[in-house]
Amino acid sequence: MDAGDKLLDRIRRTPFGWSQDDLRRLYEAYSFEVRQGARHLVVRHHEQRDLVTTVARHDELPPAYARTAVRLIEEVIRRQRMMSEGGGM
């Protein structure tokens, strides 16, 4: 289990108390591109371009941001598994 997997597991267990830096590390571990927007970080997967979200620039974020990160990463994992099994998308 690498650092990204460990962080994902911790965020799954509790979505409370995470910062924008924590979520940035998590997203980047799963090949998401993170760029600075005017008021938020803009997050988009580099291959699955329809997987997009924003993250507020706060020290401690509401749990909805962590839940969104988990949902998007689980979708990336699901799609990658489908592709590796030859199922396509």
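So, a few notes on the structure that sits alongside this text. (Residues numbered from 1 in each chain as written. Predicted model: local features only at pLDDT ≥ 70, side-chain atom pairs only at ≥ 80, totals over all residues. Heavy atoms only, no water.)

## Some points on the environment of V42
Here V42 is to be found in strand β2 (residues 40-45). Taking relative accessible area as the criterion, V42 reaches 19% and is therefore assigned buried. For the pair V42 and L23, spaced 19 residues apart in the sequence, the C-alpha separation amounts to 12 Å. Here V42 is in contact with E33, V34, R35, G37, T53 and T54, once residues within four sequence places are set aside. (Helix = DSSP H or I, 4+ residues; strand = E, 2+ residues; numbered from the N terminus. Buried < 20%, exposed > 50% of the residue type's maximum accessible area, 1.4 Å probe, protein only. Contact = heavy atoms within 4.5 Å.)

## Some words on the pairing of β2
Where strand β1 (residues 32-36) lies against β2, 5 bridges are found, and the strand directions are antiparallel. Note that in β2 the partner of Q36 across the bridge is L41. Between the antiparallel neighbours β1 and β2 lie 3 residues. The pairing of β2 with strand β3 (residues 52-56) spans 5 bridges and is antiparallel. Paired with V42 across the bridge in β3 is T54. From the end of β2 to the start of β3, which pair antiparallel, there are 6 residues. (Pairing = 2+ DSSP bridges.)

## Notes on the packing of helix α1 (residues 3-13) against helix α3 (residues 63-84)
For the pair α1 and α3, interaxial distance at closest approach is 10 Å and the crossing angle is 130 degrees. Taken together, the axes of α1 and α3 lie oblique to each other. When you trace α1 past α3, the crossing you get is left-handed. Contacts between α1 and α3 pair L8, I11 and R12 from the former with A66, V70, I73, E74 and I77 from the latter. Split by residue class, the contact of α1 with α3 holds 6 nonpolar, no polar and 2 charged. (Axes fitted to C-alpha atoms, helices over the stretch in contact; angles between N-to-C directions. Parallel < 35°, antiparallel > 145°, perpendicular 65-115°, else oblique. Left-handed = near helix turned anticlockwise from the far one by under 90°. Nonpolar A, V, L, I, M, F, W, Y, C, P; charged D, E, K, R; others polar.)

## Looking at the sheet that holds β1
Reading across from one edge, β1-β2-β3 is the order of the 3 strands in this open sheet, with antiparallel pairing throughout. Whereas interior strands pair on both sides, the edge strands pair on one side only; in this sheet they are β1 and β3. When strand polarity is set aside, the average angle formed by the axes of neighbouring strands in this sheet is 25 degrees. Each of β1, β2 and β3 is contacted by helix α2 (residues 20-29), which is oriented at about 145 degrees to β1, the strand it contacts most. The strands touched by α3 are β1, β2 and β3; relative to β3, the strand with the most contacts, the crossing angle is about 155 degrees.

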